[in-house]
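Structural overview for review
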Amino acid sequence: MKILVTGAHGQLGRAVCAELNQKGIPCIAAGRDSFTLTDRESVDAFVRSAAPDAIIHCAAYTDVDRAELEPERCMAVNAQGTAFLAQAAADTGAKLLLVSTDYVFSGAAAEPYGPDDPRGPVNVYGLSKLQAEEAVRSLCKRSFIVRTSWLFSAEGSNFVRKILSQARETRSLRVVCDQTGCPTYAPDLAAYLVQLIRTDHYGITHAVNSGFCTRSEFASAILRLARIPCQVMPVPSSVVPSVARRPLNSRLDGAGTEPVLPTWQSGLQRCISDLVRTGAL
Ligand SMILES: NC(=O)c1ccc[n+]([C@@H]2O[C@H](COP(=O)([O-])OP(=O)(O)OC[C@H]3O[C@@H](n4cnc5c(N)ncnc54)[C@H](OP(=O)(O)O)[C@@H]3O)[C@@H](O)[C@H]2O)c1
């Protein structure tokens, strides 16, 4: 089986390519230089020539705040680009796996979101990913939609690395305490995606590390494990300005994954060990 990975140089894309390489599964690692996601002909020509059996679509416009300022660009990449890829997958008979997000939900529910719960994004990024889901569902029968949340790893831009970098410059950090979610270690998700794509269990799944916490609890755990003497001051979202609204309840019910993913604390421990091992911490 030959698998095409889009966004191969991003945080999750790198973890997926590493997992495929480790399993000895042929992988085509595609970045921006491989094809233009927002150009139908470019997507079509690349998928036809690469002729993958399956595609793991990790590429996305992921800057949630900037998306509010340039919504057309975000929609073009996430919604339209995904539609082009879904059509190319359908035309060539490749399976397609779209990585989607907790941000397709409003966050107003009290309980963790299940795969069939009503969606209602509160920002442009969430809306663009909802439209990506719709495109995949309508254009490609052999497709998987895997929603995840709060991704982190030792590489790329993520909450763990931001907190560690900010904590080097100050003795206390204000972190929001009213957003709850499931932090998810990219290599754990990557292992699940590579396992899932080899099945025919099409449809929507939620794949997150087990457990949940608030942003401020997550920050405290990061600093504790990294042994950085910086204090976390929990504050409500209303006092920390941000361009985009964010869902308050981002919890996804990941009980449907087989196997259930490890706890977020276990993922965080491995992430911190990785940062220490590579000299980044
Ligand atoms: N990060 C999270 O917390 C989170 C949570 C839920 C779901 N997700 C989803 O998980 C997936 C992976 O996220 P991530 O954390 O790995 O994000 P990331 O590190 O920002 O990686 C995104 C990748 O997409 C590529 N990309 C962006 N615009 C592109 C374009 N116009 N054409 C081609 N490639 C483009 C980027 O390329 P460059 O490297 O060249 O910029 C990058 O390699 C995304 O679908 C995201 O929506 C992420």
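Residues numbered from 1 in each chain as written. Predicted model: local features only at pLDDT ≥ 70, side-chain atom pairs only at ≥ 80, totals over all residues. Heavy atoms only, no water.

1. With respect to the overall build of the protein chain
The number of helices and strands found in the protein chain is nine helices and 12 strands. Taken along the three principal axes of its C-alpha coordinates, the protein chain extends 55 × 40 × 35 Å. Each of the 281 residues in the protein chain was classed as buried or not, and the buried ones make up 52%. Counted over contacts in the protein chain with a minimum sequence separation of 6, partners at least 24 positions apart contribute 82%. Carbon and sulfur atoms make up 50% of the accessible area of the protein chain, which totals about 12,600 Å². Separation of charge centres in the protein chain, based on 29 positive and 27 negative side chains, amounts to 5 Å. (Helix = DSSP H or I, 4+ residues; strand = E, 2+ residues; numbered from the N terminus. Buried < 20%, exposed > 50% of the residue type's maximum accessible area, 1.4 Å probe, protein only. Contact = heavy atoms within 4.5 Å. Areas by Shrake-Rupley, 256 points an atom, 1.4 Å probe, with all protein chains shown as cover. Lys, Arg positive; Asp, Glu negative; His and termini not counted. Charge placed at Lys NZ, Arg CZ, Asp CG, Glu CD.)

2. Here we look at the nonpolar core
Counting residues in hydrophobic clusters, the biggest one holds 33 residues, and the most contacted among them are V43, V47, I55 and L96. Put simply, the parts of the chain that give this core at least two residues each are α2 (40-50), α3 (64-69), α4 (71-92), β4 (95-101) and α5 (124-139). If one sorts the elements of this core by residue count, α4 sits on top with nine residues. Once residues lying within four places of it in the same chain are set aside, the contact partners of V47 are L4, P52, I55, L85, A88 and T92. (Core = buried A, V, L, I, M, F, W, Y, C linked by side-chain atoms within 4.5 Å.)

3. Structural notes on the site of the ligand
Neighbouring residues of the ligand: 22 residues in total, closest L12, R32, T62, Y125 and K129. One nitrogen or oxygen atom from the main chain of A60 is found 3.1 Å from an oxygen atom belonging to the ligand. Take K129: an N or O atom from its side chain is 2.8 Å from an oxygen atom of the ligand. For the ligand, whose unbound accessible area comes to 910 Å², protein coverage reaches 79%. Put simply, the parts of the chain that give the shell around the ligand at least two residues each are α1 (11-23), α4, β4 and α5. Among the elements that take part in the shell around the ligand, β4 stands out by supplying three residues, more than any other. When grouped by side-chain class, the residues that make up the shell around the ligand number 10 nonpolar, nine polar and three charged. (Near = heavy atom within 4 Å. Polar contact = N/O pair within 3.5 Å; in protein donor to acceptor, adjacent residues only side chain to side chain. Nonpolar A, V, L, I, M, F, W, Y, C, P; charged D, E, K, R; others polar.)

4. A few points about the side chain of K95
Note on placement: K95 falls in strand β4. At 2.8 Å, the side chain of K95 and the backbone oxygen of T199 are in polar contact. Apart from the residues within four sequence positions on either side, K95 is in contact with M1, D53, A54, I55, R142, F144, I197, R198, T199 and Y202.

5. Some thoughts on the layout of surface pockets
Estimated volume of the second largest pocket: approximately 290 Å³. Around the second largest pocket sit 14 residues that line it, and A15, E155, Y185, P187 and D274 are the ones nearest its centre. Residue assignment for the lining of the second largest pocket shows that the elements contributing at least two residues are α1 and α9 (264-277). A per-element tally of the lining of the second largest pocket places α1 first, with six residues. (1 Å grid on protein atoms, 1.4 Å probe; cavity = no way out; pocket = protein on both sides within 12 Å on 5 of 7 lines; lining within 4 Å. Points joined across faces, edges and corners; volume = space filled by probe spheres on them.)

6. Structural notes on the side chain of K129
By the secondary structure assignment, K129 is in helix α5. Of the side chains bearing the opposite charge, E133 lies closest to the buried K129, which forms no salt bridge; the N-O distance is 7.9 Å. For K129, the contacting residues outside a window of four places in its chain are A60, N78, L98, V99, S100, T101 and V104. (Salt bridge = Lys/Arg side-chain N within 4 Å of Asp/Glu carboxyl O.)

7. With respect to the environment of V77
Examined against the element boundaries, V77 turns out to sit in helix α4. Residue V77 is classed as buried on the basis of its relative accessible area of 11%. Counting along the chain gives 96 residues from V77 to L173, while the straight-line C-alpha distance between them is 34 Å. The residues touching V77, leaving out its near neighbours within four places in the chain, are L37, T38, A60, Y61 and T82.

8. A few points about the pairing of strand β5 (residues 143-148)
Judged by how many residues are buried, β5 sits mostly within the fold: six of six residues are covered. Direction of pairing for β4 relative to β5: parallel, over a ladder of six bridges. Residue L97 lies in a different strand from β5, and its bridge partner there is F144. After leaving β4, the chain enters α5 and then returns to the sheet as β5, a path that is right-handed. Examined bridge by bridge, β5 and strand β10 (residues 203-206) share four bridges and lie parallel to one another. From the neighbouring strand, V146 faces β10, where its bridge partner is T205. (Pairing = 2+ DSSP bridges. Right-handed = clockwise from strand over helix to strand, strands pointing away.)

9. Quick word on α5
A rise of 1.5 Å per residue sets the reference length of α5, with its 16 residues, at 22 Å; its end C-alpha atoms lie 22 Å apart and thus fit the reference within 8%. Taken together, the buried positions of α5 are occupied by V124, Y125, G126, S128, K129, L130, A132, E133, A135 and V136. Next to the buried residues of α5 lie α3, α4, β4 and β5. (Expected span 1.5 Å × (residues − 1).)

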